[in-house]
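Coordinate analysis (summary)
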Amino acid sequence: MSEQITVEDVAHDAEFPELIEGIRSRRSGHNYDPDEDISDETLEELIRDAAIAPSSYNLQPWEFVAVQDDERLDEVVDIAYGQEHIRDAGTAILVVGHTDAKTADRVFEDWAEAGRMDEETAQQTKAQTAEMYEGDAMGRDYAIRNASLAAQNLMLSAHARGLTATPMIGFDQERIAEFLDLPDDEIPVMLLAVGPSGGEEPERLPRRSVDEILHRETY
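Everything quoted here is computed from the prediction, not taken from an experiment. (Residues numbered from 1 in each chain as written. Predicted model: local features only at pLDDT ≥ 70, side-chain atom pairs only at ≥ 80, totals over all residues. Heavy atoms only, no water.)

Moving on: the environment of Met168. Checked against the element boundaries, Met168 lands in strand β4 (residues 163–168). Residues Met168 and Asp136, 32 residues apart in the sequence, show an inter-C-alpha distance of 23 Å. Residues contacting Met168, with those up to four places away along its chain left out, are Gln83, His85, Ile86, Met190, Leu191, Leu192 and Ala193. (Helix = DSSP H or I, 4+ residues; strand = E, 2+ residues; numbered from the N terminus. Contact = heavy atoms within 4.5 Å.)

Here we come to the pairing of strand β5 (residues 186–196). For β5, the tally of buried residues reaches 11 of 11 residues, placing the bulk of the element in the interior. With 8 bridges connecting them, strand β3 (residues 91–98) and β5 associate as antiparallel partners. Along β5, the bridge assignment pairs His98 with Glu186. In this sheet, β5 lies alongside β4 in antiparallel orientation, the contact comprising 6 bridges. Bridging across to β5, Leu163 finds its partner in Pro196. (Buried < 20%, exposed > 50% of the residue type's maximum accessible area, 1.4 Å probe, protein only. Pairing = 2+ DSSP bridges.)

With respect to topology, 4 strands assemble into an open sheet ordered β2-β3-β5-β4, the strand pairing being antiparallel. At either end of the open sheet lies a strand with only one pairing partner, and these are β2 (62–67) and β4. The mean angle between the axes of side-by-side strands here comes to 25°, regardless of whether they run parallel or antiparallel. Packed onto the sheet, helix α3 (residues 70–79) meets β2, β3 and β5 and runs at close to 115° relative to β2. (Axes fitted to C-alpha atoms, helices over the stretch in contact; angles between N-to-C directions.)

Moving on, we come to the packing of helix α5 (residues 104–113) against helix α6 (residues 119–132). Orientation of α5 relative to α6, taken along the N-to-C sense of each, is 150°, at an axis distance of 9 Å. The angle between the axes of α5 and α6 places the two elements in the roughly antiparallel class. Two packed elements cross with a definite hand, and for α5 against α6 that hand is right-handed. Contacts between α5 and α6 involve Ala104, Asp105, Phe108 and Ala112 on the former and, on the latter, Glu119, Ala122, Thr125, Lys126 and Thr129. Broken down by class, the residue content of the contact of α5 with α6 amounts to 4 nonpolar, 2 polar and 3 charged. (Parallel < 35°, antiparallel > 145°, perpendicular 65-115°, else oblique. Left-handed = near helix turned anticlockwise from the far one by under 90°. Nonpolar A, V, L, I, M, F, W, Y, C, P; charged D, E, K, R; others polar.)

Moving on, we come to the packing of aromatic side chains. Tallying each qualifying case throughout the model produces 4 aromatic pairs. The interplanar angle of 45° and the centroid separation of 5.8 Å between the aromatic rings of Tyr57 and Phe108 together place this pair among those described as tilted. Taken together, the residues span a long stretch of sequence, with Tyr57 in the loop between α2 (40–50) and β2 and Phe108 in helix α5 at a distance of 51 residues. A relative accessible area of 34% places Tyr57 in the partly exposed class. For Phe108, a relative accessible area of 2% translates into the label buried. Centre to centre, the rings of Phe108 and Trp111 are 6.5 Å apart; their planes meet at 20°, and the pair counts as stacked. One end of the pair is Phe108 and the other is Trp111, both in helix α5 and 3 residues apart, which spans about a single turn. Members of the aromatic cluster, connected to one another through ring pairs, are Tyr57, Phe108 and Trp111. (Phe/Tyr/Trp six-rings, centres within 6.5 Å; stacked < 30°, edge-to-face > 60°.)

On to the nonpolar core. Counting 22 residues, the largest nonpolar core has Leu46, Leu154, Leu192 and Val194 as its most contacted members. Secondary structure elements with two or more residues in this core: α2, β3, α7 (136–160), β4 and β5. Dropping the residues within four chain positions of it, Leu46 is found in contact with Ile38, Leu154, Ser157, Ala158, Arg161, Leu163 and Val194. Counting residues in each nonpolar core, the second largest holds 20 residues, with Ile79, Ala80, Ile86 and Leu94 among its members. (Core = buried A, V, L, I, M, F, W, Y, C linked by side-chain atoms within 4.5 Å.)

So, in structure tokens, the structure goes:
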């Protein structure tokens, strides 16, 4: 079974009903206005909203690489297997994840200075956190999980500003890492096309029902 969720179906019994409506009305789109671009100020505000996403121990293990130059966007389209809506959007943002705890020194100093931990506990927790990142599989998992939270924040921020933001994992990871000069300890997590809408999109495809996907106490 599947269910079609519409804004009209939302029971606005939450403290922030506009937020619920925004979550349920957000769409990934492919129809962008190729004659309009987002401003530098808007881009910075999108990243500001993305950066307040939660992360493990507040390590904030993410970076964002924005591509807006026409010729470079053409290259990104090629790297993304010909997804032309990237060019029409006018802005491509690669969400990047850290595979090690490179921000730990600064972050755990903040923990201690804020009185959330004493200095000894902060140092112990920092060491444990850095150890958790050791190993390729664990480091990759942490990068993807944390950076994906930031990507969702960015998409919701774009929607709140009347923009369309579409996530993509269909791209050549090695090529885009080389093209954008990513450090060896950082990985591409998600590519977003962001820009002004070009108009209506097809109706949302049905979603699986809550009864189908919600498991209580055990699977």
